[in-house]
Amino acid sequence: MKKIAIAAGLAMTLGFSAAQAQVSGYAANSSDTVWRTSFGECWQTSSWSVDKAVPGCAGYVAQADAAPAPAPAPAAETADLERKFALYFDFDKTNVGDISTIVNHIGSLASVESIELVGHADRIGNMTYNDGLSQRRADAVAAALANAGVNRNLMSTSSMGSRSPVANCSGRGAELIACLRPDRRVDVEIKGTRRAQ
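Residues numbered from 1 in each chain as written. Predicted model: local features only at pLDDT ≥ 70, side-chain atom pairs only at ≥ 80, totals over all residues. Heavy atoms only, no water.

The helix and strand tally for the chain stands at four helices and four strands. The buried share among the 197 residues of the chain stands at 27%. Pairs at least 24 apart in sequence give 64% of the contacts found in the chain among residues at least 6 apart. Here the chain displays about 12700 Å² of accessible surface, and carbon together with sulfur accounts for 54% of that area. (Helix = DSSP H or I, 4+ residues; strand = E, 2+ residues; numbered from the N terminus. Buried < 20%, exposed > 50% of the residue type's maximum accessible area, 1.4 Å probe, protein only. Contact = heavy atoms within 4.5 Å. Areas by Shrake-Rupley, 256 points an atom, 1.4 Å probe, with all protein chains shown as cover.)

For the structure shown, the criterion picks out zero aromatic pairs. The ring of Tyr-129 has Arg-136 lying over it, and the distance from NZ or CZ to the ring centre is 5.7 Å. (Phe/Tyr/Trp six-rings, centres within 6.5 Å; stacked < 30°, edge-to-face > 60°. Lys NZ or Arg CZ within 6 Å of the ring centre and 35° of its normal.)

A covalent bond bridging the sulfur atoms of two cysteines is what the word disulfide describes. If you walk through the whole model with that rule in mind, you get one disulfide. With a sulfur-sulfur separation of 1.9 Å, Cys-169 is cross-linked through a disulfide to Cys-179. On the sign convention where negative means left-handed, the S-S torsion of about -85 degrees between Cys-169 and Cys-179 marks this disulfide as left-handed. Of this pair, Cys-169 sits in the loop between strand 3 (155–159) and helix 4 (173–179) while Cys-179 sits in helix 4, placing them 10 residues apart in sequence. (Disulfide = S-S within 2.5 Å.)

The next point concerns the pattern of salt bridges. Enumeration according to the criterion identifies five salt bridges in this entry. With a shortest N-O distance of 2.8 Å, Arg-184 and Asp-122 are connected by a salt bridge. You can see Arg-184 sitting in the loop between helix 4 and strand 4 (185–195) and its partner Asp-122 sitting in the loop between strand 2 (111–119) and helix 3 (127–147), a full 62 residues away along the chain. You'll find Arg-184 and Asp-122 in the same group, each marked buried. (Salt bridge = Lys/Arg side-chain N within 4 Å of Asp/Glu carboxyl O.)

Once that is clear, we can look at the nonpolar core. Core analysis: the biggest nonpolar cluster contains 20 residues, and Ile-102, Ile-115, Leu-117, Val-141, Leu-145, Val-188 and Ile-190 have the highest contact counts within it. It is helix 3 that provides the largest number of residues to this core, a total of five residues. Aside from chain neighbours lying at most four places away, what touches Val-188 is Arg-83, Lys-84, Phe-85, Leu-87, Ile-102, Ile-115, Glu-116, Leu-117 and Val-141. (Core = buried A, V, L, I, M, F, W, Y, C linked by side-chain atoms within 4.5 Å.)

Attention now goes to helix 2 (residues 100–108). Those residues of helix 2 lying buried are Ile-102, His-105 and Ile-106. Projected down its long axis, helix 2 shows its buried positions confined to an angular sector of 100 degrees, all on one face. For helix 2, exposure combined with an orientation more than 90 degrees from the buried face picks out Asn-104, Gly-107 and Ser-108. (Arc of directions from axis to C-beta.)

When you line up the elements, Ser-111 lands in strand 2. C-alpha separation for the pair Ser-111 and Arg-195, spaced 84 residues apart in sequence, amounts to 9.3 Å. If sequence neighbours within four positions are ignored, Ser-111 has contacts with Gly-192 and Thr-193.

So yeah, pure geometry; function would need other evidence.
Here it is in structure tokens:
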């Protein structure tokens, strides 16, 4: 009889504790600590089901953490860039040589602000002729770039004639003509924006 009373009292206590506890499906004390058997197992009530399982007790299956949201793609960083090229010409000629390096550079830019083409001539000949020759050289380079797919509206041309020499030459004839080659040029200045590395 005494054992029955103790068992009944224990059952009532467990029922009361479980009713008071906030851990649904388990016998727990007022601070929501789940009671355990002498074997360390969690003491489940008759209302226990798998969906009520708590960490550290049998039947609990850890939920996979939700996959973190993918990081936003970094904004494309850009950097202003100014680069210069020079194209050289034979004596008294406007034939444009290889422009692939310039075209490739322009193609690598995120955007192009401007392309300035300035024609030059050597000091041989009169100034008026050299002004016209240097302008024809700048125009020839602009046409070649446009034929390669570069937007003509981004280009401006001008000429310096023989007023901006870079060569320091003496001599006569073919020797002088060869030495003055750096003065027979079109300077190409490209301003644009490239993606930062």
